[in-house]
Amino acid sequence: MAAILVFSERDEVAFQLLGEANKLGEQLGMEVAAAALGLSDADGFLSRGVSTVYTAKNEELKDFEASVYAQALEQVAKQADAAIILLGSTRRGKELAGRLAQKMKVGSLTDAGRLEVIDGRVVCSRNAFGGATVAAQTILEGIQVIAVSPSAGEAPAAAEPSGSVAEVALVLEPARIKKVATAPKSQDSANIEGAEVLVCVGKGLAGEAELKMVDELAQALGGLVACTKPLATDEKWLPEERIVGLSGKIGKPALAICLGISGQVQFTVGIRDAGTIVAVNTDQNAFIFQMADYGIVGDLHQVVPELTAALKG
Amino acid sequence: MNIYVCVKQTVDLQQVRIRKETREPVLDGVPLTIGNIDKNALEEGVRLRDKLGGKVIGVSAGSEELNDTIKEALAMGADEAIMIIAPELEGAESSTVAMALAKAIEKTGEIGIILLGEGSSDNYSGQVGPRIAEILDLPQITYVSSLEAEGNTVKAVRNLEDCFETVEAEMPVVVSVVSEINEPRIPAVTQILKAGRKPKQIYSPAELGVEIAGSQIKTISNLAPEQDRKRLLFQEGVGQDVKSLVAALESEGLLGR
């Protein structure tokens, strides 16, 4: 039986993919298999309903390197008779998708959000034109390599395992990239993707010190502070984990407040699924007002303290 | 040493508008430009050349209109350019573009580093770099935020979700960069004037042995998402506006979380 093969270099992402894989499997009559390579948690996959978990213990798999993992997955995919390969659309996962798809001479789609089945093929929705549009795209022929956005699915609950483990013997060329050092990023534990309220700041903020009043507003609302890309990458006022938009997090809060943000689509793509959007901007023609439910034309330096005070009652 | 920088011509995303009635993007008359992150890749190529010597060669695949984009790359400091031109290459999918770029690079000669942006500014799929590496059987280092080269060795820092990873590889190597790596220069007028006189090589896909088959990827629809927003604007002065906003949020049950 043809299979949907799930893999991510991060187990928690792979477990999320299983939710999507199960749905596709039911519609397409395919079984769900997983590749638990290297140090990955084979039991975790089994207890989440995977029929066959492929494991390999090659020395070369100890560290994730895309070209080595592409070789491994090509071999596992053959063994599993995979018709669909679902990967996590992380940075490492996107690199793997390209390398693997080229190796197998098949098509690939990355950053896939919603997945649905039409005429026996998987149709992915993904942002196009820098987020201005959402395209529905499908791979017409052959094996489908699809990297799915980490926030797209929910992991199935753990249950009694029913599948089996198959250890495969892989033949792998070693990596030509040597890892010299790893410096963990300061673990900002803020979960922007899951936040109910986001207070987003942009270039209207004049200095780092002003983050204090923004933070106070976020606290009064029970929300998190997020930002546009330049505030994190150019100004470095906030960690990169707080970036919302095409090159950052895609949130789905009940309330998003946008302060001093003009509303370029590269940012708005990260909040456009919000329940309610509020914008504060000095320029009444700013695009952000087009997609806001409520807008205040004014200076955030006056509006923010006033709003915080009003909320605290 | 040859440093190849792959660049993509895209519509200027700042100028793409959405037709309200149909939610379709309006692309007519939108100027074409070089991809944002491609500029970072070019800047890094030029910086490395100034240190190591050799040549920076801009490479791009697309339609006839590619000339303007390539001129921009040459003005930014590339020494030469290669263009693969065919109408079918306009907006072609990653696998086709990667094959055209890889074959053109291979034909040109010795490879030191192949530089790209982490993804194109319009599609952002990040697939061309890894595919080129696979076609040419080269190691690749993606999402690089800092790059050094000495002798034949490249040392790079990768900016990943959870960490910064420092890696080394021997040339030839494919490197994709993130926008934080540098600040791309704005070319001086003299550079723009010089750009027109720099050598350009043009290939057709057939000359490179690249077959453009039908596409593997089909785009079924491509529309702006529906936005049904209230668009209520408060402009009665800060004090009153804040009161109105709080009342509105309260009535929607969004406060007190």
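None of the values given here were measured: they were computed from a predicted structure. (Residues numbered from 1 in each chain as written. Chains lettered and ligands numbered in written order. Predicted model: local features only at pLDDT ≥ 70, side-chain atom pairs only at ≥ 80, totals over all residues. Heavy atoms only, no water.)

Caption draft 1: View of the overall build of chain A. In terms of regular secondary structure, chain A is built from 8 helices and 16 strands. Taken along the three principal axes of its C-alpha coordinates, chain A extends 65 × 45 × 40 Å. Here chain A holds 313 residues, and 60% of them are scored as buried. Taking the intrachain contacts of chain A between residues at least 6 apart in sequence as the baseline, contacts between residues at least 24 apart amount to 62%. Total accessible area on chain A stands at roughly 12,200 Å², and carbon and sulfur atoms take up 48% of it. A distance of 5 Å separates the average location of the 28 positive side-chain charges in chain A from that of its 39 negative side-chain charges. (Helix = DSSP H or I, 4+ residues; strand = E, 2+ residues; numbered from the N terminus. Buried < 20%, exposed > 50% of the residue type's maximum accessible area, 1.4 Å probe, protein only. Contact = heavy atoms within 4.5 Å. Areas by Shrake-Rupley, 256 points an atom, 1.4 Å probe, with all protein chains shown as cover. Lys, Arg positive; Asp, Glu negative; His and termini not counted. Charge placed at Lys NZ, Arg CZ, Asp CG, Glu CD.)

Caption draft 2: Examining the overall build of chain B more closely. Looking only at helices and strands, one finds 6 helices and 15 strands in chain B. Projected onto the principal axes, the alpha-carbon positions of chain B cover approximately 70 × 40 × 40 Å. Burial statistics for chain B: of 257 residues in total, 52% are counted as buried. Sequence separation of 24 or more characterises 69% of the internal contacts of chain B that already satisfy a separation of 6 or more. Carbon and sulfur atoms make up 48% of the accessible area of chain B, which totals about 11,400 Å².

Caption draft 3: Region of interest: the sheet that holds strand β6 (residues 115–118) of chain A. Across the sheet, 4 strands lie side by side as β6(A)-β7(A)-β8(A)-β14(B); this open sheet has antiparallel pairing. Lying at the two open borders of the sheet, with one neighbouring strand each, are β6 of chain A together with β14 (217–223) of chain B. The sheet shows a mean angle of 30 degrees between the axes of neighbouring strands, direction not considered. One ladder, built from 6 bridges, connects strand β8 (residues 133–139) of chain A with β14(B); its direction is antiparallel. Within the sheet, the bridge partner assigned to T138(A) lies in β14(B) and is K218(B). (Pairing = 2+ DSSP bridges. Axes fitted to C-alpha atoms, helices over the stretch in contact; angles between N-to-C directions.)

Caption draft 4: A look at the packing of aromatic side chains. Applying the stated criterion to the full structure yields 4 aromatic pairs over all chains. Taking the centre distance of 5.0 Å and the plane angle of 75 degrees together, the rings of F15(A) and F45(A) count as edge-to-face. Taken together, the positions of F15(A) in helix α1 (residues 11–28) and F45(A) in helix α2 (residues 42–46) put the pair 30 residues apart, joining distant regions of the chain. Assigned by exposure class, F15(A) and F45(A) land together as buried. Three or more aromatic residues joined by ring pairs make a cluster, and in this case those are F7(A), F64(A) and Y69(A). Between the NZ or CZ atom of R48(A) and the centre of the ring of F15(A), over which it lies, the distance is 4.1 Å. Just above the ring of F164(B) sits the side chain of K185(A); from NZ or CZ to the centre is 5.0 Å. (Phe/Tyr/Trp six-rings, centres within 6.5 Å; stacked < 30°, edge-to-face > 60°. Lys NZ or Arg CZ within 6 Å of the ring centre and 35° of its normal.)

Caption draft 5: Summary view of helix α4 (residues 128–135) of chain B. Taken across its 8 residues, α4(B) has 7 buried, putting it largely inside the fold. D137(B) sits one or two residues past α4(B) and shows a positive phi near 50 degrees.

Caption draft 6: Local environment of the pattern of salt bridges. Applying the stated criterion across every chain yields a total of 31 salt bridges over all chains. The shortest N-O distance in the salt bridge between R114(A) and E116(A) comes to 3.7 Å. Classification of E116(A) by relative accessible area gives partly exposed; the value is 35%. When the shortest N-O distance is used, the salt bridge between K39(B) and E72(B) registers 3.9 Å. With a gap of 33 residues between them, K39(B) in helix α1 (residues 36–52) and E72(B) in helix α2 (residues 66–75) connect regions that are remote in the sequence. Salt bridges linked by common partners bring D63(A), R92(A), E95(A), K179(A), R158(B), D162(B) and E165(B) together as one network. (Salt bridge = Lys/Arg side-chain N within 4 Å of Asp/Glu carboxyl O.)

Caption draft 7: How the structure looks around the packing of helix α4 (residues 91–104) of chain A against α4(B). Axis separation between α4(A) and α4(B) bottoms out at 7 Å; the angle between their running directions is 40 degrees. Considered as vectors, α4(A) and α4(B) are oriented oblique to each other. When you trace α4(A) past α4(B), the crossing you get is right-handed. From α4(A), E95(A), G98(A), R99(A), A101(A), Q102(A) and K103(A) reach across to α4(B), where they touch P130(B), R131(B), A133(B), E134(B) and I135(B). (Parallel < 35°, antiparallel > 145°, perpendicular 65-115°, else oblique. Left-handed = near helix turned anticlockwise from the far one by under 90°.)

Caption draft 8: Representation of a negative patch on the surface in the model. There is a patch of like negative charges on the surface, built from E64(B), E65(B), D68(B) and E90(B). Tracing the backbone through its elements, the reader meets E90(B) in the loop between β7 (80–85) and α3 (94–108). (Patch = residues over 30% accessible without salt bridge, like charges linked within 9 Å, V, L, I, M, F, W, Y side chains within 5 Å.)

Caption draft 9: Quick peek at the pairing of strand β8 (residues 113–117) of chain B. Residues and elements named next belong to chain B. Among the 5 residues in β8, 5 count as buried, and that is most of the element. Here β8 shows two buried faces, one formed by I113, L115 and G117 and the other by I114 and L116. Here strand β1 (residues 2–6) runs beside β8; their pairing, made up of 3 bridges, is parallel. Across the sheet, the residue bridging to V5 is L115, located in β8. Relative to strand β12 (residues 173–177), β8 runs parallel, the two being bridged by 5 bridges.

Caption draft 10: View of the confidence of the model for chain B. For chain B, the mean per-residue pLDDT works out to 94, and 100% of the residues sit at or above 70. Here the complex is predicted with pTM 0.89, and the ipTM for its interfaces comes to 0.92. (pLDDT = per-residue confidence, 0-100.)

Caption draft 11: Geometry of the interface of chain B and chain A. With 76 residues of chain B in contact, the opposing surface of chain A contributes 85 residues. Both faces considered, chain B and chain A share a buried interface measuring about 7,200 Å² in area, 52% of it formed by carbon and sulfur atoms. Contact with chain A buries surface across chain B, with E134(B), E161(B) and R229(B) losing the most and accounting together for 10% of the total. Between the two partners, chain B and chain A, sit 10 salt bridges. Linking R229(B) and D293(A) is a salt bridge whose minimum nitrogen-to-oxygen distance equals 2.9 Å. Connecting chain B to chain A are 55 residue pairs in polar contact (both at pLDDT 80 or more). For the side of chain B that touches chain A, the elements supplying multiple residues, two or more each, are α3, α4, β9 (140–150), β10 (153–159), β11 (163–170), β14, β15 (232–234) and α6 (238–251) of chain B. When residues of the side of chain B that touches chain A are assigned to their parent elements, the largest contribution, 8 residues, is made by α6(B). Split by residue class, the side of chain B that touches chain A holds 36 nonpolar, 20 polar and 20 charged. The pairing of strand β11 (residues 177–184) of chain A with β11(B) spans 7 bridges and is antiparallel. Within the sheet, the bridge partner assigned to A183(A) lies in β11(B) and is F164(B). (Buried area = accessible area lost by both parts, 1.4 Å probe. Polar contact = N/O pair within 3.5 Å; in protein donor to acceptor, adjacent residues only side chain to side chain. Nonpolar A, V, L, I, M, F, W, Y, C, P; charged D, E, K, R; others polar.)

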